[in-house]
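Notes for the structure review
Spelled out from the first residue to the last, the chains are:
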Amino acid sequence: GTKIFTAKHRNLVFSASFDMLGAHIVTGGDECAAKVWDVASGKEIATLPHKDRVYTASFDPTGTRVISASADCSAIVWDVATGAQLLTAKHRRSLLTAAFDLSGELVATASDD
């Protein structure tokens with residue numbers, strides 16, 4: 001494929017996911033945050049912080065929210081425009097993955113607890 005841009009991270013990246021329109025990418029990795037990138041410019045437009053590495057991050061079907069799953073035992077739903085935390089789900093152990101359903105109304109999480 002064609003290289004669009006390189007998301008600049010300092011450490012390992014564990015996941016990368018496009019929104020439904022292909023306008024944004026969200027990444028998660030060792031930097032204790034999910035990061036949202038504008039595809040056209042290649043610029044980081046949001047940093048969504050956690051207290052430990054982020055294993056996965058993905059958009060809801062509308063592209064207005066992101067869910068991130070972290071080794072800090074939380075999955076957080078974020079408002080992409082404001083960076084506000086909308087919902088936090090806590091587990092006893094690391095969250096390995098989280099995702100929205102197709103309606104954007106439900107989320108699924110998986111952990112090692």
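Refer to the structure presented above.
The shown structure was predicted, so the numbers you read here are calculated from the model rather than taken from an experiment.

Sheets are built from strands that pair by backbone hydrogen bonding, the pairs being arranged parallel or antiparallel. In spatial order, the strands read E1-E2-E3-E4; together these 4 strands make up an open sheet with antiparallel pairing. Whereas interior strands pair on both sides, the edge strands pair on one side only; in this sheet they are strand E1 (13-18) and strand E4 (44-49). In this sheet, neighbouring strand axes are inclined to one another by 20 degrees on average, regardless of whether the strands run parallel or antiparallel. Of the pairings in the sheet, the one linking E1 to strand E2 (residues 24-29) comprises 5 bridges and is antiparallel in character. Considered in E2, the bridge of Val13 is made with Gly29.

With that out of the way, let us pick up the side chain of Ser15. Among the structural elements, Ser15 can be located in strand E1. Under the relative-accessibility criterion, Ser15 is labelled buried at 13%. Within the structure, Ser15 has its side chain in polar contact with the backbone nitrogen of Ala57 (distance 3.2 Å). Excluding its chain neighbours within four sequence positions, the residues that come into contact with Ser15 are Val26, Thr27, Gly28, Tyr55, Thr56 and Ala57.

What follows deals with unusual backbone geometry. Of note in the backbone geometry, Cys32 takes a positive phi value of approximately 60 degrees without being a glycine. Along the chain, Cys32 falls in the loop between E2 and strand E3 (33-38). Its relative accessible area of 27% is what places Cys32 among the partly exposed residues. A positive phi angle, close to 75 degrees, is found at Cys73, a residue other than glycine.

By size, the foremost hydrophobic cluster in this structure holds 12 residues: Val26, Ala34, Val36, Ala46, Leu48, Val54, Ala57, Phe59, Val66, Ile76, Trp78 and Val80. The element best represented in this core is strand E5 (residues 54-59), accounting for 3 residues. If you look at the next biggest cluster of nonpolar residues, it comprises 7 residues, including Ile67, Ala69, Val77 and Leu95.

The rules behind the values
- Residues numbered from 1 in each chain as written.
- Predicted model: local features only at pLDDT ≥ 70, side-chain atom pairs only at ≥ 80, totals over all residues.
- Heavy atoms only, no water.
- Pairing = 2+ DSSP bridges.
- Helix = DSSP H or I, 4+ residues; strand = E, 2+ residues; numbered from the N terminus.
- Axes fitted to C-alpha atoms, helices over the stretch in contact; angles between N-to-C directions.
- Buried < 20%, exposed > 50% of the residue type's maximum accessible area, 1.4 Å probe, protein only.
- Polar contact = N/O pair within 3.5 Å; in protein donor to acceptor, adjacent residues only side chain to side chain.
- Contact = heavy atoms within 4.5 Å.
- Core = buried A, V, L, I, M, F, W, Y, C linked by side-chain atoms within 4.5 Å.

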